[in-house]
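A structural walkthrough
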Amino acid sequence: MSVRIGTSEVGDGQPCLVVAEIGQNHNGSVETALEMVSAAKAAGADLVKFQKREVELSVPRNLWNQTRETPWGVMSYLDYRRRLELGRADFDEIDAYCRTLDIPWFASAWDPPSLSFLLSYDIPCLKIASASVTALDVVVGCAGSGRPTIMSTGMSTVEQIDRAQGLFGAGTLILLHCRSTYPCKPDDLNLSAISTLQRRYGRPTGFSDHCVGLWMSLCAVAMGACVIERHFTLNRSWFGTDQSASVEPQGLTKLVQQIRRFEQARGDGRLGPSPAEDAVRQRLRRIP
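Residues numbered from 1 in each chain as written. Predicted model: local features only at pLDDT ≥ 70, side-chain atom pairs only at ≥ 80, totals over all residues. Heavy atoms only, no water.

Let's talk about the nonpolar core
- In this structure, V48, F50, I94, W105, F232 and L252 are the most contacted members of the largest nonpolar core, which totals 75 residues.
- For this core, the element with the highest residue contribution is helix 1 (residues 30-43), accounting for 8 residues.
- In contact with F232, not counting residues within four places along its chain, are A20, E21, I22, N25, M36, A39, A40, S246, V247, E248, P249 and L252. (Core = buried A, V, L, I, M, F, W, Y, C linked by side-chain atoms within 4.5 Å. Buried < 20%, exposed > 50% of the residue type's maximum accessible area, 1.4 Å probe, protein only. Helix = DSSP H or I, 4+ residues; strand = E, 2+ residues; numbered from the N terminus. Contact = heavy atoms within 4.5 Å.)

Structure (structure tokens):
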């Protein structure tokens, strides 16, 4: 079971795809977003990911007028969400910059107009966020787009996952085990759900990590995750709900390096001595 994302085959026996989830950690600044793309590329990420919303459609109406203290002053929650959004000119700049650096970008679409917006770009895949698993207008739109799709499963019941993933054909969908808490505590993680998703749906399965530190991502790869999506920031002390559950450039660099070392160490599982053992075997064994 595999899905092709750009030039990468994702699934059994393939290198783990590492996604730097920039999301909205840029806080509405395209300059910061471009700096984050550059840092993610330098760290060895395979792709960078953003988020796209029409805030009036994606923010529950009962939250619109709640006030929020922000670095830009006290404002309504709706205005705050607007402040974080990047527009057409911003994404044009991101698209051109990613092509220059040779690192693909994609984004989660939180509503149908945002999906149409993203489909106007030649991006290698789409993302369905955990919050959108029950938004069938988004799920149906992604399934019918012809683009490979990655879907996080946080907050979702088995029945909700069944319904959403059932709209996709073979070779078109990657599932990500996820817990939608920021940051997530290890005792709430249930990493064994990675193999449960693999067995139940027969689709490539990865892990969207909201934990502090790198260890849980590495454990997920050892347990069979073929994608690691990791929230990424330049500074975890910045304002924003996802910053504390993100890794900085040095952490992302270390994560990619350790995943690649594990892939080298995993081997092919065949029994027998390795070539490196030959000289030792001749020296230590009385009967070679």
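Description of the packing of aromatic side chains
- As enumerated under the stated definition, the model contains 9 aromatic pairs in all.
- Relative to F239, the ring of Y80 lies with its centre 5.8 Å away and its plane at 80°, an arrangement referred to as edge-to-face. Pair noted here: Y80 is in helix 3 (residues 77-84) and F239 is in the loop between strand 12 (227-231) and helix 10 (249-266), with a separation of 159 residues, a long-range link.
- Seen in terms of ring centroids, W105 and Y121 are 5.3 Å apart; in terms of plane orientation they differ by 70°. Their pairing is edge-to-face. Separated by 16 residues along the polypeptide, W105 in strand 7 (residues 105-109) and Y121 in the loop between helix 5 (112-119) and strand 8 (126-128) bring together distant segments of the chain. Of the two residues examined, W105 and Y121, each falls in the buried class. (Phe/Tyr/Trp six-rings, centres within 6.5 Å; stacked < 30°, edge-to-face > 60°.)

What about the pairing of strand 1 (residues 2-5)?
- Here strand 1 shows a clear split, with V3 and I5 buried on one side and none of S2 and R4 buried on the other.
- Hairpin remark: strand 1 followed by strand 2 (residues 8-11), antiparallel, with 2 residues in the connecting loop; positive phi at G6, about 65°. (Pairing = 2+ DSSP bridges.)

Topic: the side chain of Q24
- Locating Q24 in the fold gives a position in the loop between strand 3 (17-23) and helix 1.
- The exposure class of Q24 is buried, given its relative accessible area of 8%.
- A distance of 3.0 Å separates polar atoms of two side chains, one belonging to Q24 and the other to R53.
- With residues up to four places along the chain from it excluded, the contact list for Q24 reads Q51, R53, R81, L84 and E85. (Polar contact = N/O pair within 3.5 Å; in protein donor to acceptor, adjacent residues only side chain to side chain.)

Quick word on the pairing of strand 5 (residues 67-70)
- By the bridge criterion, 4 bridges tie strand 5 to strand 6 (residues 73-76) in an arrangement that is antiparallel. The partner of T67 across the bridge, within strand 6, is S76.
- Connecting strand 5 to the next strand, strand 6, in antiparallel fashion are 2 residues.

Examining the state of the cysteines
- The full count for this structure, using the stated rule, is 0 disulfides.
- Unpaired in terms of disulfides, C211 finds its nearest cysteine sulfur in C184, a separation of 4.4 Å.
- In this structure C219 is not part of a disulfide, and its nearest cysteine sulfur, from C211, lies 9.8 Å away. (Disulfide = S-S within 2.5 Å.)

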